[in-house]
Amino acid sequence: MRDMLRPLAIQDLKKSAEDCYAVGTLNCFCYMGVFDGCGGLGCQQISFQSEAFPNHTSAWIASRIGAAAVESFFRENGNQSFSRETVLELEQVLNETFQTLKKKYWKDDGVSGSMRRNFPTTASIIVENLQEQNVFFLWSGDSRGYLCDKDGLAQITMDDIRFHATDAFANLYQDSAMTKQWNADRTISVHCKEIKEISPAIYICATDGCFGFLSSPMEFEHMLLSTLMESNTPEEWKENLIQKWFVHFGDDSTMTILTVGFEHFSDLKMFYQERLNIIEKTYGKSFSDEMNVQEREQLWQIYRKNYYRFENEDVRKEQ
């Protein structure tokens, strides 16, 4: 079973194309991550003296450099179990990488301000140790890490935003400024939450374009499970998510999925059928115009406790 762990990457890029992802399975752990270059914070155009890199914003570059740095670091350390000490080493590599990037390519265009950053990107990464059977959620910004087990969807990460950090419903209707992300202007630190592996389960990393255009967090779970039931293979699930949902959203949508504890795709579908039935029976009306925001919020209060059931788990705060 464990040697079958292969993360699935799902992506729909719009014109800005500022999202990126990284996935891999190594000797001692598997990993997956999504990265969302923050276009509003990093709008400066950076010129690379290479045909391989046309002119792009620093946000576009940041997500790709961040993903590449993570992949390179993981490959170099894939023969040992992942730990909190590994997170500290990753932070050091990220700081060196982004500082080198800034020294080599940053040019002062005379624009500054509290909402301006050089090479800003969010990150959400999940690492699963293959021997110890524990899982690490790493993040910065408003990209999220989730798991979905027999009890339904749970957000494990906590958004780095000024308001509504622990109210995913309110954040859909009242946008809040991001308070943290990886960038070349400040020392990078990585939030880390470690949990015991839950199996069977689906683990998910997602940029905000995957959930920010939905009516509620309940609809995000419904989107995942309904497309799963309409599919017969992982590739069909990927295409259903893109064609039935992501193409209609107004931002890049990047998601990575890791299923744990299932031998066959049919087992995965069978396991979640009952949960989908509960979601549709309890919250189904809220996915249409039949319900207004206030009525949806009442249902959210029912769903919320379960959605944040890992909220009190230990997390290493920003230093």
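Above: the structure in question.
All values reported here derive from a predicted model rather than from experimental measurement. (Residues numbered from 1 in each chain as written. Predicted model: local features only at pLDDT ≥ 70, side-chain atom pairs only at ≥ 80, totals over all residues. Heavy atoms only, no water.)

Draft legend 1. Molecular detail of the packing of aromatic side chains. The final tally for this structure, using the stated rule, is 26 aromatic pairs. Where tryptophan 300 meets tyrosine 308, the ring centres are 6.1 Å apart and the plane angle is 80°; that geometry is what we call edge-to-face. Each member of the pair, tryptophan 300 as well as tyrosine 308, carries the same accessibility label: buried. Among the aromatic side chains, those forming a connected cluster through ring pairs are Phe169, Tyr173, Tyr283, Trp300, Tyr303, Tyr307 and Tyr308. The positively charged end of arginine 64 is found above the aromatic ring belonging to tryptophan 60, 3.9 Å away from the centroid. Here the guanidinium or amino end of arginine 144 rests over the ring plane of phenylalanine 211, the centre of that ring lying 4.0 Å away. (Phe/Tyr/Trp six-rings, centres within 6.5 Å; stacked < 30°, edge-to-face > 60°. Buried < 20%, exposed > 50% of the residue type's maximum accessible area, 1.4 Å probe, protein only. Lys NZ or Arg CZ within 6 Å of the ring centre and 35° of its normal.)

Draft legend 2. Geometry of the sheet that holds strand S9 (residues 152-155). An order of S1-S12-S11-S8-S9 is seen for the five strands of this open sheet, with the pairing classed as antiparallel. Where the open sheet ends on each side, the last strands, each with one partner, are strand S1 (8-12) and S9. Strand-to-strand twist in this sheet, taken as the mean axis angle between neighbours without regard to direction, amounts to 20°. As defined by bridge partners, strand S11 (residues 201-206) adjoins strand S12 (residues 253-260) across six bridges and the pair is classed as antiparallel. Within S12, the position partnered with alanine 201 by the bridge is valine 260. The strands touched by helix H4 (residues 217-229) are strand S8 (144-149), S9, S11 and S12; relative to S9, the strand with the most contacts, the crossing angle is about 125°. (Pairing = 2+ DSSP bridges. Helix = DSSP H or I, 4+ residues; strand = E, 2+ residues; numbered from the N terminus. Axes fitted to C-alpha atoms, helices over the stretch in contact; angles between N-to-C directions. Contact = heavy atoms within 4.5 Å.)

Draft legend 3. Representation of the side chain of lysine 269 in the model. If you trace the backbone, lysine 269 turns up in helix H6 (residues 265-283). For the buried lysine 269, no salt bridge is present, and the opposite-charge side chain at shortest range is glutamate 236, 7.0 Å distant. Within the structure, the side chain of lysine 269 is placed 2.8 Å from the backbone oxygen of serine 231, a separation counted as a polar contact. In contact with lysine 269, not counting residues within four places along its chain, are Leu228, Met229, Ser231 and Asn232. (Lys, Arg positive; Asp, Glu negative; His and termini not counted. Salt bridge = Lys/Arg side-chain N within 4 Å of Asp/Glu carboxyl O. Polar contact = N/O pair within 3.5 Å; in protein donor to acceptor, adjacent residues only side chain to side chain.)

Draft legend 4. Geometry of helix H1 (residues 58-76). Given a rise of 1.5 Å per residue, 19 residues ought to cover 27 Å, and the 26 Å separating the end C-alpha atoms of H1 matches this to within 8%. Listing the buried residues of H1 in full gives Ser58, Ala59, Trp60, Ile61, Ala62, Ser63, Gly66, Ala67, Ala69, Val70, Phe73 and Phe74. (Expected span 1.5 Å × (residues − 1).)

Draft legend 5. Summary view of the packing of H6 against helix H7 (residues 293-307). Interaxial distance between H6 and H7 falls to 11 Å at its minimum, and their mutual angle equals 150°. The orientation of H6 with respect to H7, classified from their angle, is roughly antiparallel. For the pair H6 and H7, the contacting residues are Arg275, Ile279, Thr282 and Tyr283 in the first and Leu299, Ile302, Tyr303 and Asn306 in the second. Classifying every residue of the contact of H6 with H7 gives five nonpolar, two polar and one charged. (Parallel < 35°, antiparallel > 145°, perpendicular 65-115°, else oblique. Nonpolar A, V, L, I, M, F, W, Y, C, P; charged D, E, K, R; others polar.)

Draft legend 6. How the structure looks around empty space enclosed by the protein. Overall, the coordinates contain two cavities of 30 Å³ or more when judged by the stated rule. Estimates place the volume of the largest cavity at around 70 Å³. Grouping the amino acids of the lining of the largest cavity by side-chain chemistry returns five nonpolar, three polar and two charged. Along the walls of the second largest cavity sit Arg144, Tyr146, Ala168, Leu172, Phe211, Leu214, Ser216, Pro217, Phe220 and Tyr307, which together make up its complete lining. (1 Å grid on protein atoms, 1.4 Å probe; cavity = no way out; pocket = protein on both sides within 12 Å on 5 of 7 lines; lining within 4 Å. Points joined across faces, edges and corners; volume = space filled by probe spheres on them.)

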